[in-house]
Amino acid sequence: MTNQEVPSQQTQHNPDAVTLLKSVPVTYHVLNQPEAMTLRVNMCVCVSGVLLCLFSGVLSGFSSVKDQQHTVSLSGKWSLSNSNGSVSLPAEVPGCVHSALQQQGYIQDPYFRFNDVSYRWIAFDNWTYSTTFNVSTQLRSKQKVLLVFDGVDTVASIQLNGVSVGKTDNMFRRYDLSVRDLLTDADNELRVSFSSPVLYASERRKAHSAYRVPPECPPDVQKGECHVNFIRKEQSSFSWDWGPSFPTMGLWKGVRLEAFDVLQLIQVSSVPLYNLSVSQWRVHVQLLVDAVQTTNGQITLSIPELESEQTVQTQFLSGKTKNSITLHINTSSQVKLWWPNGHGDQPFYQLTVRGFQDGFLVLSTESKVYFRTVELVQEPVVGSPGLSFYFRINGKPIFLKGSNWIPAHSFQDQVSPAVLRNLLQSAVDANMNALRVWGGGVYEQDLFYSICDEMGIMVWQDFMFACAMYPTEDDFIQTVREEVSQQVQRLKSHPSVIIWSGNNENEAALATDWFSIPVSQRPLYRKDYVTLYVNNIRAIVREEDESRQFLVSSPTNGAESEQEGWVAANPYDPLYGDTHFYSYFLDCWDWRTFPRTRFASEYGFQSWPSFSTLQPVSVKADWSYNSSFSSHRQHHENGNQQMLQQAALHFNLPNATDPLKRFTDTLYITQVMQAQCVKTQTEFYRRSQSEIIEGKGRTMGALYWQLNDIWQAPSWSSIEFGGKWKMLHYFAQNFFAAVLPVAFEDNDTLFIYAVSDLSHDLKLRAVVSVYSWADLDPVCTLKSDLLLVPGGSAAAIFKQPVTALLAGCGLCTRLTCLLTFHLEDSGGQQGPTNHHFLSSPKDAQGLQRPNITAKVQQDATGYTVTLHSASVAPYVWLDVGNVPGRFSSNGFLMVSRNRTVGFEAWRSTSVAELSRSLTVTSLADVY
Ligand code: BMA
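Predicted, not measured: the structure shown is a model, and the values here were computed from it.

Conventions adopted
Residues numbered from 1 in each chain as written. Predicted model: local features only at pLDDT ≥ 70, side-chain atom pairs only at ≥ 80, totals over all residues. Heavy atoms only, no water. Pairing = 2+ DSSP bridges. Helix = DSSP H or I, 4+ residues; strand = E, 2+ residues; numbered from the N terminus. Axes fitted to C-alpha atoms, helices over the stretch in contact; angles between N-to-C directions. Disulfide = S-S within 2.5 Å. Contact = heavy atoms within 4.5 Å. Domains from an automatic or database assignment. Buried area = accessible area lost by both parts, 1.4 Å probe. Near = heavy atom within 4 Å. Polar contact = N/O pair within 3.5 Å; in protein donor to acceptor, adjacent residues only side chain to side chain. Areas by Shrake-Rupley, 256 points an atom, 1.4 Å probe, with all protein chains shown as cover. Nonpolar A, V, L, I, M, F, W, Y, C, P; charged D, E, K, R; others polar. Salt bridge = Lys/Arg side-chain N within 4 Å of Asp/Glu carboxyl O. Buried < 20%, exposed > 50% of the residue type's maximum accessible area, 1.4 Å probe, protein only. 1 Å grid on protein atoms, 1.4 Å probe; cavity = no way out; pocket = protein on both sides within 12 Å on 5 of 7 lines; lining within 4 Å. Points joined across faces, edges and corners; volume = space filled by probe spheres on them. Parallel < 35°, antiparallel > 145°, perpendicular 65-115°, else oblique. Left-handed = near helix turned anticlockwise from the far one by under 90°.

Attention now moves to the sheet that holds strand S26 (residues 396-398). Strand order across the open sheet formed by three strands is S24-S25-S26, with antiparallel pairing between neighbours. With one partner strand each, in any of the chains shown, strand S24 (374-377) and S26 form the two edges of the open sheet. Going from strand to strand, the sheet's axes swing by 35° on average, the running direction of each strand aside. Where strand S25 (residues 390-393) lies against S26, three bridges are found, and the strand directions are antiparallel. Within S26, the residue paired with Arg392 across the bridge is Pro397.

Spelled out as structure tokens, the structure:
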């Protein structure tokens, strides 16, 4: 194992320097600000090789000190063995058993074909991680030494040098164990023995004999394990309707020793709060500190860039305690605000925190502070019996555009920074400004939230409870309480996090009786629900974080649910709160089927990933839509049939005689269906933002289900496992554009709305072009009058009966023609060009094979593909197989003879490779 001793916070000093410092007062200047940063060293002494200095004057940008803390990382190579010792191998920490077995060649890729089932045994065995390490005498001489585990997955007992030092039962908690007296000069042996999470969950279920806590098991189609609600672990790790069952075990985050004499800073958080009445910002800083003994001290906070500094006297109490201090920001400072993507920049300030004891510096840390306010507005709506439900950031109502985030891999150790960055960049590149971290996965790693801060992605953060009832035994509640308080402390400094939500769909599960609970027993389950989410989780969140609201569930009626005793009669009520809506059989091209909700936090349709994503985990025998592989990867009951049924409403289904072509065409048609369905639904939500119709509307959020995938399988995602964009993600780029024209028909009248997320008003007109399916030149073009479209609104800009429109346009009928349209102002086109089909493409007359030819080229800006088409081609899809990267646009309607798109490669490639790999498919090609 690696055994690196790193002094944390302070730099090691050369003892030779002591003489100099002792006799000559030295003044340190920090570059650029000599005055503000002056520090006098009055005296220094050297104790056990550690330099202790007494300072006076203004401290900043410098640290040295009494309490030299040591961090010894215990991450690296460990040993791993199963319960009877038949398997024994090296294992990386952080990591998990499955990853270790794969890395050492004991198992194949767990994602290959049916391996999720073949490797089921792994999670039924018990596994022990062990390591030996040495520590210096210096470290052992410290007053306190903590053995810190940032994440233990999940049920384990920990032994140091043969002595039991702790037990764990919650993968979402950090554990720190006091171990100083157990450390020796010789090799120290650390063992972490994991119990099978599957067997543990089942034992907990048995122990809870009083009543069942449903669902006991997942549906058979998921091929998963039972009773996941009895273990505080990623709920989807026992299988989900888009994911495999890999109940992991392991040290999934870092392990280290922390040694100190005075105190140890465990967590620092900073929450900016704005006082409207005096127009002043303050930053509420909380330090979670572990002190060896109670001492008086002093804490200094400063944000030099805002000329704000504050020093308070404090007491560091013995043990683990929170110290809260408020830094008032100088009112004359111009504070730059953090904005969501598309609404402004994401500036931050550096906050410096220093703690002193008896004049000695005992803690020192720096962190980023982003200033923004967030409000969830639930207030009466004119013309409606319900309440509004929208977010106001820095006083500005913001329409949330985005998706839902699930774990990016079954094995969290394989979620690299590059994977996170790529997925989040893809979200931003599709004009998203929000993601919901869904409650059946994990609280994401710090980097996820830091990237969201940087990119302006707002995060709706669920607590990790999903689609189930949960037990409320005392030990369960206690571990959840610790989990919640640690997670809130860890995440609350991130401006990206705008709301906490207690769980995924558990209010709905209770209210609409998913689990057939007898009426007489329902009060019991309601009581458990309120105990867990309201009396415990909500209470802790409110105590820890006054800057954000807490919703008990998603979906929920929010304030109305609270009125109804936390479980509303209909949590899906479009008049209140958020909704989740799925309907696979109703025609998704018909906007009337969608609820005109205040906020759509989930909705979606499945599709298959592309062939290049499936190929590495399958063999030739699997490459048909009816293969056992295709059924095996589908975890949603009847999902494969549902996709084809929905697709068949508007498209001819692929019927090629060549089996491989038929398979790839079918993958394509599922993506076309999904992209078009989610487009229609999202456009409906965006155009509903300014209207109230029959009390419903003022929709202020559209987060489709789901952004990413956990493995290579059919799902609701818009990005495939591995990062490849599905057609839906390319569509999202357009349907989430800041300025968007949306068309729909109501009683045979065509409406075009202009939707704008901009802050300023626009004067726009709609330009509508009518094309014949058989011809690449427009039949006619219509223009509306200019209309004022206020920033942050949706306005009807064009209205005409379809029959009149077609009659004025030559020989067009619904079957022979289609429309494209865009918005323009005096400066030219605003937003993307959109289209509206007047009939299902399967009924279109004149649609032909376009015989598209493509030429790949490379210029100074990168790779381009120039297409040439012989006729109108819907859903033109470019695919370069397994060359990772993305096109500038894809899946588009081609109504021109030529079109050039860019390709951004994510690794080095060549014109030759791209030309070889490129396929171009359009709708008529699969008929
Ligand atoms: C919602 C989500 C997930 C699920 C998805 C698709 O209910 O919260 O639980 O994966 O629908 O069924």
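What follows covers the pairing of strand S45 (residues 853-859). Summarising the sheet, S45 and strand S46 (residues 862-868) pair through seven bridges and their orientation is antiparallel. Within the sheet, the bridge partner assigned to Ala854 lies in S46 and is Leu867.

Another aspect to go through is the state of the cysteines. Enumeration according to the criterion identifies four disulfides in this entry. What pairs with Cys217 in a disulfide is Cys226, and their sulfur atoms sit 2.0 Å apart. Judged by the sign of its S-S torsion, about 105°, the cystine formed by Cys217 and Cys226 is right-handed.

Turning our attention to the environment of Cys467. By the secondary structure assignment, Cys467 is in the loop between strand S29 (458-462) and helix H8 (474-491). In the structure, Cys467 is positioned 22 residues away from Gln489 in sequence and 26 Å away in space, judged by C-alpha atoms. Excluding its chain neighbours within four sequence positions, the residues that come into contact with Cys467 are Pro215, Trp240, Asn504, Glu505, Asn506, Trp514 and Phe515.

On to the domain arrangement of the chain. Often, the extent of an interface is quoted as the loss of accessible area upon association of its parts. Each assigned domain of the chain is listed with its residue range as follows: domain 1 (2-62), domain 2 (71-256), domain 3 (262-369), domain 4 (399-729), domain 5 (739-843) and domain 6 (853-926). On a C-alpha basis, the centres of domain 3 and domain 4 stand 35 Å from each other. On the domain 4 side, the residues contacting the 17 residues of domain 3 number 22 residues. Here domain 3 and domain 4 share an interface that buries about 1400 Å² over both sides, 50% of which is from carbon and sulfur atoms. The largest contributions to the domain 3 side of the interface with domain 4 come from Val271, Trp338 and Asn341, which together make up 38% of the buried area.

Below, the discussion takes up the site of the ligand. Taken together, Trp240, Asp241, Trp242, Trp438, Cys467, Asn504, Glu505, Tyr582, Glu602, Trp705 and Trp716 make up the full set of residues adjacent to the ligand. Side-chain polar atom of Trp242 to an oxygen atom of the ligand: 2.8 Å apart, as the coordinates give it. Within the side chain of Asn504, a nitrogen or oxygen atom sits 2.9 Å from an oxygen atom of the ligand. When the ligand is considered free in solution it has 300 Å² of accessible area, and contact with the protein chains removes 92% of it. Considering only residue class, the shell around the ligand consists of seven nonpolar, one polar and three charged.

Let us now look at the sheet that holds strand S7 (residues 88-93). Taken together, six strands build an open sheet; the order of strands is S7-S6-S8-S13-S10-S11 and the sheet is antiparallel. For this open sheet the edge positions go to S7 and strand S11 (163-169), each flanked by a neighbour on one side alone. Recorded for the sheet is a direction-independent mean angle of 25° between the axes of neighbouring strands. Sheet topology note: the strand S8 (residues 127-133)/strand S13 (residues 188-194) ladder contains seven bridges and is antiparallel. The residue bridging Thr131 from the neighbouring strand is Leu190, located in S13.

This part covers the pattern of salt bridges. All told, the structure shown has 42 salt bridges when counted by the stated rule. The partner of Asp181 in a salt bridge is Arg180, and the shortest N-O contact between them spans 3.1 Å. On the basis of relative accessibility, which here comes to 29%, the residue Arg180 falls in the partly exposed class. Asp748 is the partner of Arg814 in a salt bridge, and the nearest nitrogen-oxygen pair spans 3.2 Å. Residue Arg814 is found in the loop between helix H17 (802-807) and strand S43 (817-825), and its partner Asp748 is found in the loop between strand S37 (739-746) and strand S38 (749-756); the two are separated by 66 residues along the sequence. For Asp748, a relative accessible area of 48% puts it in the partly exposed group. Three or more residues joined by partner-sharing salt bridges are found here, namely Asp150, Arg256 and Glu258.

Moving on to the side chain of Gln671. Within the secondary structure, Gln671 is located in helix H15 (residues 659-687). The class for Gln671 is buried, based on a relative accessible area of 3%. For Gln671, the side chain forms a polar contact with the main-chain oxygen of Trp608, separated by 2.9 Å. Each residue touching Gln671, except ones within four places of it in the same chain, is listed here: Ser607, Trp608, Pro609, Ser610, Glu720, Lys726, Met727 and Trp877.

Quantified by volume, the largest pocket comes out at close to 1000 Å³. For the largest pocket, the lining is made up of 36 residues, of which Arg174, Ile266, Gln267, Asp446 and Arg490 are closest to its centre. Elements with a minimum of two residues in the lining of the largest pocket: strand S9 (144-149), strand S16 (255-260), strand S17 (263-275), strand S23 (360-369), helix H7 (446-455) and H8. With seven residues, S17 is the largest single contributor of residues to the lining of the largest pocket.

Their axes nearest at 9 Å, the elements helix H14 (residues 639-648) and H15 cross at an angle of 70°. In terms of orientation, H14 lies roughly perpendicular with respect to H15. Every pair of crossing elements has a handedness; the one defined by H14 and H15 is left-handed. Residues Met643, Leu644, Gln646 and Ala647 of H14 lie in contact with H15, whose contacting residues are Thr666, Ile669, Thr670, Met673 and Cys677. Among the residues making up the contact of H14 with H15, the classes are represented as six nonpolar, three polar and no charged.

To continue, consider the pairing of S38. Burial of S38 is extensive: eight of the eight residues sit out of reach of the surface. The two faces of S38 match: Thr749, Phe751, Tyr753 and Val755 on one face and Leu750, Ile752, Ala754 and Ser756 on the other face are all buried. Two strands pair when backbone bridges link them, and S37 and S38 are joined in this way by eight bridges, in the antiparallel orientation. Paired with Val739 across the bridge in S38 is Ser756. Connecting the antiparallel pair S37 and S38 is a turn made up of two residues, with Asn747 showing a positive phi of about 50°.

So, about empty space enclosed by the protein. By the definition in use, this model includes four cavities of 30 Å³ or more. Ranked by residue count, the leading element in the lining of the largest cavity is helix H10 (residues 522-544), at five residues. Classifying every residue of the lining of the largest cavity gives nine nonpolar, one polar and one charged.

Positionally, Asn404 belongs in strand S27 (residues 400-405). Separated by 39 residues in sequence, Asn404 and Thr365 place their C-alpha atoms 33 Å apart. Apart from the residues lying within four places of it in its own chain, the contact partners of Asn404 are Arg436, Ser601, Glu602, Leu703, Tyr704, Trp705, Gln706, Leu707 and Asn708. Separated by 2.9 Å, the side chains of Asn404 and Arg436 make a polar contact. There is a polar contact of 3.3 Å between the side chain of Asn404 and the backbone oxygen of Leu703.

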